Amino acid sequence: MMRFALTGKTETPLTAKARQISDRLGTKSIVLVGMPGCGKSAIGRRLAPRLDLTFVDADEEIERLYGALGEGGQVMMPLAAYDFSAKFGWVSDRFGVSWQLNLAGPS
């Protein structure tokens, strides 16, 4: 748990409760859902190490994948917000395989 004080922040070791949650999750994951800008990424970055999980930000991941797949390939539709998607991109990789990446937004 993070504690903030005038002297700065300190980190306490993984609590028994956090370890119990992590053990019960097994190979499952936690998905934080909320409106844009509500703090999902900030909470996820702090929560993941406490539960011994890997944090993945969907926005960062789709940008990373789009860039990697498009390297040496061809852009069919740039990664952007569209009427039908919060973030969508269509690329053909260097081998000619077509990839459509979609990050759904609020309905």
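Rules used in this analysis
- Positions within a chain are numbered from 1, following the residues in the order the chain's sequence is written.
- Thresholds applied to this predicted model are a pLDDT of at least 70 for local features of residues and 80 or more for the giving and counting of side-chain atom pairs; totals over whole chains, interfaces and linings are not thresholded and use all residues.
- Hydrogens are left out, water is left out, and the side-chain values use all remaining heavy atoms of the structure.
- Counting from the N terminus, the helices are the DSSP runs of H or I reaching at least four residues and the strands are the DSSP runs of E reaching at least two.
- Whether two residues touch is decided by their heavy atoms; if any such pair falls within 4.5 Å, the residues are in contact.
- Here pLDDT means the predictor's own confidence in every residue, given as a number from 0 to 100.
- At least two bridges found by DSSP between two strands are what make those strands a pair.
- Working convention: axes come from line fits to C-alpha atoms, limited for helices to the stretch in contact. Angles between N-to-C directions cover 0 to 180 degrees.
- The rule is short: rings of Phe, Tyr and Trp, with Trp giving its six-membered ring, pair when the centres are within 6.5 Å, and they are stacked under 30 degrees, edge-to-face over 60, tilted in between.
- Buried residues are those whose accessible area, probed at 1.4 Å on protein chains only, stays under 20% of the maximum for their type, while exposed residues exceed 50% and partly exposed ones sit between those limits.

**Q** I tried to follow the side chain of Lys-87 on my own but got confused; where do I start?
**A** You can see Lys-87 is positioned in strand 4 (residues 85-92). The residues contacting Lys-87, other than those within four sequence positions of it, are Asp-59, Ile-62, Glu-63, Leu-79, Ala-80, Ala-81, Leu-101, Asn-102 and Leu-103.

**Q** How should the confidence of the model for the protein chain be read in this particular structure?
**A** Note: predicted coordinates in regions of low pLDDT should not be interpreted at a detailed level. With 85% of its residues at a pLDDT of 70 or more, the protein chain shows a mean pLDDT of 83. Mean pLDDT in the protein chain bottoms out at strand 1 (residues 2-5), which sits at 45, and peaks at strand 5 (residues 98-103), which reaches 95. Per-residue pLDDT stays below 50 along residues 1-6; that stretch engages in 14 contacts with residues further than four places along the chain or on separate chains.

**Q** How should I be thinking about the sheet that holds strand 4 in this particular structure?
**A** Strand pairing in a sheet relies on backbone hydrogen bonds, with the paired strands running either antiparallel or parallel. Taken together, three strands build an open sheet; the order of strands is 3-4-5 and the sheet is antiparallel. Of all strands in the sheet, those bounded by a partner on one side alone are strand 3 (74-82) and strand 5. Ignoring which end each strand starts from, the neighbouring axes of this sheet average 5° apart. Pairing of strand 3 with strand 4, which is carried by five bridges, proceeds in the antiparallel orientation. Each bridged residue has a counterpart across the sheet, and for Ala-80 the counterpart in strand 4 is Phe-88.

**Q** Please clarify how the packing of aromatic side chains should be interpreted in this entry.
**A** A ring pair, where both rings are aromatic, is described by two values, the distance of the centres and the angle of the planes. For the coordinates displayed, the defined rule picks out three aromatic pairs. Look at Tyr-82 and Phe-88: their rings are 6.1 Å apart centre to centre, the planes differ by 80°, and that puts the pair in the edge-to-face class. Classification of Phe-88 as buried rests on a relative accessible area of 8%. What links up through ring pairs into an aromatic cluster is the set Tyr-82, Phe-84 and Phe-88.

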